[in-house]
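# Observations on the three-dimensional arrangement
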Amino acid sequence: MSRPARQRAAALYAISATCAAVGALLWVRGHDRAPQPPRSYGPYLAADGYTPSTWKVWSSAVPQDRLGVYLLVFGVLLAVGTRLVPARRG
């Protein structure tokens, strides 16, 4: 395996690990909804929930847990694809 191929594989593994980590966090956050936030910072979170935001990261049509699953699956598939498909040049 040549040096550029190793660097490309390392970059793809880093991207897949990042996607999988963010996806897992979003998935857990989407499934782990507590009915009441803790008392120490609950009022601040409740007040922030009512603040309208014009900047949306993701469409409200796709919930966070589903987006997390998509990112998690993408990260795993990218890692498996990087492992199975060797970079061939020349």
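Structure shown above.
I will try to describe carefully the structure that is included in this document. (Residues numbered from 1 in each chain as written. Predicted model: local features only at pLDDT ≥ 70, side-chain atom pairs only at ≥ 80, totals over all residues. Heavy atoms only, no water.)

## Regarding the overall build of the protein
Secondary structure summary: the protein contains three helices and zero strands in total. Ordering the α and β elements of the protein from the N terminus gives α-α-α. Out of the 90 residues belonging to the protein, those deemed buried represent 16%. For the protein, contacts bridging at least 24 residues in sequence account for 91% of all contacts bridging at least 6. Looking at the protein as shown, the accessible area adds up to about 7600 Å², and 64% of this sits on carbon and sulfur atoms. (Helix = DSSP H or I, 4+ residues; strand = E, 2+ residues; numbered from the N terminus. Buried < 20%, exposed > 50% of the residue type's maximum accessible area, 1.4 Å probe, protein only. Contact = heavy atoms within 4.5 Å. Areas by Shrake-Rupley, 256 points an atom, 1.4 Å probe, with all protein chains shown as cover.)

## Brief notes about a nonpolar patch on the surface
Taken together, the side chains of Trp27, Val28, Val69, Tyr70, Val73 and Leu77 present a nonpolar region at the surface, about 540 Å² in accessible area. At the level of elements, α1 (3–31) and α3 (64–84) are the ones that each hand at least two residues to the nonpolar patch. Here the element with the most residues in the nonpolar patch is α3; it accounts for four residues. Summarising the element assignment, Tyr70 is placed in helix α3. (Patch = residues over 30% accessible without salt bridge, like charges linked within 9 Å, V, L, I, M, F, W, Y side chains within 5 Å. Salt bridge = Lys/Arg side-chain N within 4 Å of Asp/Glu carboxyl O.)

## As for the side chain of Thr82
Tracing the sequence through the fold places Thr82 in helix α3. Assessed through its relative accessible area of 14%, Thr82 is described here as buried. Among the polar contacts listed, one links the side chain of Thr82 to the backbone oxygen of Leu78, at a separation of 2.7 Å. Those residues in contact with Thr82, other than ones at most four positions away along the chain, are Ala9, Leu12 and Tyr13. (Polar contact = N/O pair within 3.5 Å; in protein donor to acceptor, adjacent residues only side chain to side chain.)

## Brief notes about the environment of Gln64
Considering the arrangement of structural elements, one finds Gln64 in helix α3. The spacing of Gln64 and Gly23 is 41 residues in sequence and 8.9 Å in space, taken between C-alpha atoms.

## Considering the packing of α1 against α3
It is at 7 Å that the axes of α1 and α3 come closest, and there the two elements cross at 155°. Here α1 is positioned roughly antiparallel relative to α3, judged by the angle of their axes. Relative to α3, the crossing made by α1 is left-handed. Grouping the amino acids of the contact of α1 with α3 by side-chain chemistry returns 17 nonpolar, eight polar and three charged. (Axes fitted to C-alpha atoms, helices over the stretch in contact; angles between N-to-C directions. Parallel < 35°, antiparallel > 145°, perpendicular 65-115°, else oblique. Left-handed = near helix turned anticlockwise from the far one by under 90°. Nonpolar A, V, L, I, M, F, W, Y, C, P; charged D, E, K, R; others polar.)

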